Amino acid sequence: MPDFREKPVLSGESVVLRPVIADDAADMLEVLVADGDVLRLTGSHGTLSPDDLEPMREWYGSRAEHHDRLDLAVVDRATGRYVGEVVLNELDPNNNSCSFRIALGAQGQDRGFGTEATRLVLRYAFERVGLHRISLEVYAFNPRARRVYEKVGFRHEGVLRDALLWEGERFDAHVMSILAPEWAEHRGNPEAASQETLEETA
């Protein structure tokens, strides 16, 4: 059965994904506090303060012990700076499936980091772990994230109506997924794969 016992380092052109450590807690707290929009985009209720640092350190420091999830820090390859995280969680080994989420602070946005980090972790999940299905939820007010997910091959499945209550307003969540056969066909770049098919049949 698949698991996340291995905690890999995944290297791309612009980012490196590595297992989170306790010291990442301070950086993550800074990312979340400095950019309040991250909390809204991830639907994370509550407030954060410096008092949360020690519980967060304990949380990040214990991630290596958990074989049912994979928490990786997203690091800017050029500077070595932590800019966010990607997570595979809610593992269902009987059905070879799990959930995916990503959170990037302002310094990791609009630079292609999210697209590359997502492709890296999907490749690992499908080709090394052997998963069949990876799903996510993205809120209706976050079309930028949805475009990234579509770009790497996630497909829209349905809508969870009024899934999030944020500051008195309710928002839908869009459910998306990608399957192993789809990944094998385009390896995270469906547009290029479609173009190649068109050229071959022309």
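Residues numbered from 1 in each chain as written. Predicted model: local features only at pLDDT ≥ 70, side-chain atom pairs only at ≥ 80, totals over all residues. Heavy atoms only, no water.

A. Summary view of the overall build of the chain. Assigned secondary structure in the chain consists of seven helices and eight strands. What you see for the chain is a C-alpha radius of gyration of 17 Å, in line with the 17 Å of a compact globule of 202 residues. Taking the principal axes of the C-alpha coordinates as reference, the chain spans close to 60 × 40 × 40 Å. Split into buried and exposed, the 202 residues of the chain put 45% on the buried side. Taking contacts inside the chain between residues at least 6 apart in sequence as the whole, the part at least 24 apart equals 64%. Carbon and sulfur atoms make up 46% of the accessible area of the chain, which amounts to about 10,800 Å² in all. The positive charge centre, built from 23 side chains, and the negative charge centre, built from 36, are 2 Å apart in the chain. (Helix = DSSP H or I, 4+ residues; strand = E, 2+ residues; numbered from the N terminus. Rg over C-alpha atoms; globule rule 2.2 N^0.38 Å. Buried < 20%, exposed > 50% of the residue type's maximum accessible area, 1.4 Å probe, protein only. Contact = heavy atoms within 4.5 Å. Areas by Shrake-Rupley, 256 points an atom, 1.4 Å probe, with all protein chains shown as cover. Lys, Arg positive; Asp, Glu negative; His and termini not counted. Charge placed at Lys NZ, Arg CZ, Asp CG, Glu CD.)

B. View of unusual backbone geometry. We note that Glu-90 has phi near 50°; this positive angle belongs to a residue other than glycine. By the secondary structure assignment, Glu-90 is in strand E4 (residues 82-92). Given a relative accessible area of 58%, Glu-90 falls into the exposed group. At Arg-187, a residue that is not glycine, the phi angle is positive and equals roughly 50°. Summarising the element assignment, Arg-187 is placed in the loop between helix H6 (180-186) and helix H7 (190-201).

C. Spatial organisation of the pairing of strand E7 (residues 155-166). In this structure, E7 lies alongside strand E8 (residues 169-179), joined through eight bridges in antiparallel fashion. Residue His-156 lies in a different strand from E8, and its bridge partner there is Met-176. Linking E7 back to E8 in an antiparallel pair, the connection comprises two residues, with Glu-167 at a positive phi of about 50°. (Pairing = 2+ DSSP bridges.)

D. Local environment of the packing of aromatic side chains. The full count for this structure, using the stated rule, is six aromatic pairs. With centroids separated by 5.8 Å and ring planes inclined at 65°, the aromatic side chains of Tyr-149 and Phe-154 adopt a geometry described as edge-to-face. Each member of the pair, Tyr-149 together with Phe-154, is buried. The rings of Phe-100, Tyr-149 and Phe-154 are connected pair by pair, giving a single aromatic cluster. (Phe/Tyr/Trp six-rings, centres within 6.5 Å; stacked < 30°, edge-to-face > 60°.)

E. The arrangement of the nonpolar core in detail. In terms of nonpolar packing, the biggest core is built from 35 residues, with Leu-17, Val-86, Leu-88, Phe-100, Ile-134, Tyr-149 and Phe-154 touching the most fellow members. Take this core: its biggest share by element is nine residues, from helix H4 (residues 113-129). Apart from residues lying up to four places away in sequence, Val-86 is in contact with Leu-17, Leu-70, Asp-71, Leu-72, Val-74, Phe-100, Arg-101, Ile-102, Ala-117 and Val-121. Counting residues in each nonpolar core, the second largest holds 12 residues, with Val-20, Met-28, Tyr-82 and Ala-103 among its members. (Core = buried A, V, L, I, M, F, W, Y, C linked by side-chain atoms within 4.5 Å.)

F. Layout of the side chain of Ser-99. Tracing the sequence through the fold places Ser-99 in strand E5 (residues 97-104). Of the polar contacts made by the side chain of Ser-99, one reaches the side chain of Glu-90; its length is 2.8 Å. Those residues in contact with Ser-99 that lie beyond four places of it in its chain are Val-87, Leu-88, Asn-89, Glu-90, Ile-134 and Ser-135. (Polar contact = N/O pair within 3.5 Å; in protein donor to acceptor, adjacent residues only side chain to side chain.)

G. Molecular detail of the sheet that holds strand E1 (residues 10-11). Judged by pairing direction, the sheet is mixed, and its eight strands sit side by side in the order E1-E2-E3-E4-E5-E6-E8-E7 without closing on themselves. Edge positions in the sheet fall to E1 and E7, since each of these pairs with one other strand and no more.

H. Spatial organisation of the side chain of Asp-24. Relative to the helices and strands, Asp-24 resides in helix H1 (residues 24-34). Not counting residues within four places of it along the chain, the set of residues in contact with Asp-24 comprises Arg-18, Pro-19, Ala-73 and Tyr-82.

I. Structural context of the environment of Glu-157. Along the chain, Glu-157 falls in strand E7. Judged by its relative accessible area of 44%, Glu-157 is partly exposed. Separated by 22 residues in the primary sequence, Glu-157 and Ser-135 place their C-alpha atoms 9.5 Å from one another. With near-sequence residues (within four places) excluded, Glu-157 lies in contact with Arg-133, Val-175, Met-176 and Ser-177. Polar side-chain contacts of Glu-157 include one of 2.6 Å to the side chain of Arg-133.

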